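A closer look at the structure
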Amino acid sequence: MSDECIRLEFKVDSENFASAGSASEAVKTQLKLLGINSHDVRRVAIAMYEGEINMVIHAKGGTAVVEIYQNRVDITLADRGPGIADIDLAMKEGYSTAPDNIRELGFGAGMGLPNMKKNTDEMRIVSNPGVGTTIYMKVNLT
Amino acid sequence: MKISEIAEILNAEALCCKDKLSDEVFSACASDMMSDVLAFVKDQAVLVTGLCNPQVVRTAEMMDIRCILLVRDKHPDATILALAESKGIVVLRSPHRMYIACGLLYNAGLCGGEHCV
């Protein structure tokens, strides 16, 4: 039973910044419908939204796969962007490579990856410069 | 404090979800950086901001924020208001600047969450 899951897949489009976050919204709505408690729903929503924004800002979009199990939510975000050369540096609060036009939109404070880690129980980044980045996240449901 | 009282204190106009003006809110936060809202905000129901794009609404939605107060007389376009309406988030517009708006709300008893006294 515990291996059964609801699987959601999204294409994250970078063409229109205004639409960034629509996949996270859909996941949040689904979790609420399933009766997941609001604290866990918010953790998943924040982690995924930060990731989605990152994909739009840095990687020209990608794919997001969300698997909702009875006791956890697995999120996989994959892009074919420029990759992250130094993951430790990227994880530092305040470090950002976002351009000024992104800061004007309210993002690029260097809080995205640390905030994703803070709101998940497990997070793993696999990145190859020039090839792309895949981020795996797990949120335990309480 | 009712959202309608916030509107009154700040001479603000309600731009959508007017049916929710009688809802009660208990704390607020303020920032133009949505990154910081996502990273630092906990349970604040009101977001005071001068930023005016759809990501303000999406950020508010992720954080369960129920009212966005746009300062400096910002004019959100129809897309922003339609998104907020669909999420049930009240959008208010005030002519006040951020510092004044925050000061007036704090003075009227709307606290900042963990620093409530």
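Details of the structure are given in the entry above.
Being a predicted model, the structure only gives us computed values, none of them experimental.

1. Quick look at the overall build of chain B
- Scanning chain B from terminus to terminus reveals 5 helices and 5 strands.
- Going from the N terminus to the C terminus, chain B shows its helices and strands as α-β-β-α-β-α-β-α-β-α.
- Taken over the C-alpha trace, chain B has a radius of gyration of 12 Å; the compact-globule value for 117 residues is 13 Å, and the two agree within 12%.
- Here the C-alpha coordinates of chain B stretch approximately 40 × 30 × 25 Å along the principal axes.
- Each of the 117 residues in chain B was classed as buried or not, and the buried ones make up 54%.
- For chain B, long-range pairs separated by at least 24 residues make up 54% of all intrachain contacts whose partners lie at least 6 apart in sequence.
- For chain B, the separation between the mean place of its 11 positive charges and that of its 15 negative charges on side chains is 3 Å.

2. Comments concerning the pattern of salt bridges
- Tallied over the entire structure, the rule returns 16 salt bridges over all chains.
- Between Lys87 of chain B and Glu25 of chain A there is a salt bridge, and its shortest N-O distance comes to 2.9 Å. You can see Lys87 of chain B sitting in helix α4 (residues 78-87) and its partner Glu25 of chain A sitting in helix α1 (residues 22-33), one on each of two chains.
- Given the relative accessible area of 26%, Lys87 of chain B is considered partly exposed.
- On the basis of relative accessible area, Glu25 of chain A is assigned to the buried category, the value being 9%.
- With a closest N to O distance of 3.3 Å, Asp121 of chain A and Arg43 of chain A form a salt bridge. Taken together, the residues Asp121 of chain A in the loop between α5 (112-118) and β4 (122-128) and Arg43 of chain A in helix α2 (residues 38-58) connect sequence positions 78 residues apart.
- Residue Asp121 of chain A is classed as partly exposed on the basis of its relative accessible area, which comes to 38%.
- A cluster of three or more residues bridged by salt bridges with shared partners is formed by Lys28 and Arg42 of chain A together with Asp43 and Asp64 of chain B.

3. Points about the interface of chain B and chain A
- The partner chain A presents 25 residues to the 22 residues of chain B that form the contact.
- For the chain B and chain A pair, buried surface summed over both sides reaches about 2000 Å², with 51% attributable to carbon and sulfur atoms.
- The interface formed by chain B and chain A includes 5 salt bridges.
- Put simply, chain B and chain A have 20 residue pairs in polar contact (both at pLDDT 80 or more) between them.
- Elements with a contribution of two residues or more to the side of chain B that touches chain A: α2 (34-40), α3 (54-62) and α4 of chain B.

Rules and cut-offs
- Residues numbered from 1 in each chain as written.
- Chains lettered and ligands numbered in written order.
- Predicted model: local features only at pLDDT ≥ 70, side-chain atom pairs only at ≥ 80, totals over all residues.
- Heavy atoms only, no water.
- Helix = DSSP H or I, 4+ residues; strand = E, 2+ residues; numbered from the N terminus.
- Rg over C-alpha atoms; globule rule 2.2 N^0.38 Å.
- Buried < 20%, exposed > 50% of the residue type's maximum accessible area, 1.4 Å probe, protein only.
- Contact = heavy atoms within 4.5 Å.
- Lys, Arg positive; Asp, Glu negative; His and termini not counted.
- Charge placed at Lys NZ, Arg CZ, Asp CG, Glu CD.
- Salt bridge = Lys/Arg side-chain N within 4 Å of Asp/Glu carboxyl O.
- Buried area = accessible area lost by both parts, 1.4 Å probe.
- Polar contact = N/O pair within 3.5 Å; in protein donor to acceptor, adjacent residues only side chain to side chain.

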